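# Survey of secondary and tertiary structure
Below are the chains, spelled out letter by letter.
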Amino acid sequence: MSTHDILHRLSDTLASRRNADPETSYTAQLFSKGPDSILKKIGEECAELIMAGKEGKRLNIVWESTDVIYHILVLLAFYGLSIEDVSQEMRRREGISGIDEKASRTK
C-alpha cells in the first residue's frame, strides 16, 4: 500500500462526509461549522506540530503531522478540492527551483 493510495482514499472519504450527520461524524462537524473552524483546527494542529518538532520526539512529530494532513484534506474537501489537485500542482513544480517557482507566481 502506498502513501498515494491512503491519501486518495482518505480524500474520497472526506468528500463523502460533506452531507453526513454532524452528530455522528467529526468531519461533518467541521464542514457544518465552516472554513473558519477548519482553519482554526489547522492552526492548532500546526502549532502542535511545531512543538513536537522542537521537542524532537519522532513519534509525536508523526502523530501531529498526520493531524495537520487530515485537517488540510478536510479544507480541500470543503472547497471541492482533493489530494489529486495538490498532487497535480506538486508534479507541475517537480524539478523547478523553489525560488524560481515562487517568483513565477502572480499575486
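Bear in mind the structure is a predicted one, so any value in this text is a computation, not a measurement.

### Some thoughts on the overall build of the chain
- Each helix and strand counted, the chain has six helices and zero strands in total.
- Shown N-terminal to C-terminal, the secondary structure of the chain runs as helices and strands in the order α-α-α-α-α-α.
- With respect to the principal axes defined by its C-alpha atoms, the chain has extents near 45 × 35 × 35 Å.
- Relative to its 107 residues, the chain shows a buried fraction of 25%.
- In the chain, of all internal contacts separated by at least 6 residues, the share reaching a separation of at least 24 is 51%.
- Accessible surface, the chain: about 7600 Å² in total, of which carbon and sulfur atoms supply 57%.

### Comments concerning the side chain of Thr27
- Assignment of secondary structure puts Thr27 in helix α2 (residues 26-33).
- Taking relative accessible area as the criterion, Thr27 reaches 7% and is therefore assigned buried.
- Filtering out sequence-adjacent residues up to four positions away, Thr27 remains in contact with Leu14, Arg17, Tyr70 and Val74.

### Comments concerning the pattern of salt bridges
- Taken as a whole and assessed by the stated rule, the structure comprises five salt bridges.
- Across the pair Lys41 and Glu45 runs a salt bridge whose closest N-O atoms are separated by 3.5 Å. With Lys41 and Glu45 both in helix α3 (residues 35-55), this residue pair falls four residues apart, about one helical turn.
- Accessibility expressed as a relative area gives 22% for Lys41, which makes it partly exposed.
- Across the pair Glu84 and Arg91 runs a salt bridge whose closest N-O atoms are separated by 2.5 Å.
- Residue classification places Arg91 among the partly exposed residues on the basis of a relative accessible area of 46%.
- Here the salt bridges share partners, and the residues they tie into one network are Lys41, Glu44 and Glu45.

### Notes on the packing of α3 against helix α4 (residues 58-78)
- Axis separation between α3 and α4 bottoms out at 8 Å; the angle between their running directions is 160°. Relative to α4, the element α3 lies roughly antiparallel. Along this stretch, α3 crosses α4, giving a crossing that reads as left-handed. Packed against α3, whose contacting residues are Pro35, Ile38, Leu39, Lys41, Ile42, Glu45, Cys46, Glu48, Leu49, Ala52, Gly53 and Glu55, the element α4 presents Asn60, Ile61, Glu64, Ser65, Asp67, Val68, His71, Ile72, Val74, Leu75 and Phe78 at the interface.
- Here the residues of the contact of α3 with α4 are counted per class, giving 13 nonpolar, four polar and six charged.

### Points about the UniProt feature "transmembrane region" (unreviewed entry) in the chain
- Residues given the UniProt feature "transmembrane region" (unreviewed entry) here are residues 68-86.
- Along residues 68-86 the backbone is 79% helical and 0% strand, and the end-to-end C-alpha distance reaches 15 Å.

Calculation criteria
Residues numbered from 1 in each chain as written. Predicted model: local features only at pLDDT ≥ 70, side-chain atom pairs only at ≥ 80, totals over all residues. Heavy atoms only, no water. Helix = DSSP H or I, 4+ residues; strand = E, 2+ residues; numbered from the N terminus. Buried < 20%, exposed > 50% of the residue type's maximum accessible area, 1.4 Å probe, protein only. Contact = heavy atoms within 4.5 Å. Areas by Shrake-Rupley, 256 points an atom, 1.4 Å probe, with all protein chains shown as cover. Salt bridge = Lys/Arg side-chain N within 4 Å of Asp/Glu carboxyl O. Axes fitted to C-alpha atoms, helices over the stretch in contact; angles between N-to-C directions. Parallel < 35°, antiparallel > 145°, perpendicular 65-115°, else oblique. Left-handed = near helix turned anticlockwise from the far one by under 90°. Nonpolar A, V, L, I, M, F, W, Y, C, P; charged D, E, K, R; others polar. UniProt positions renumbered as here; feature names shortened; annotations may be inferred.

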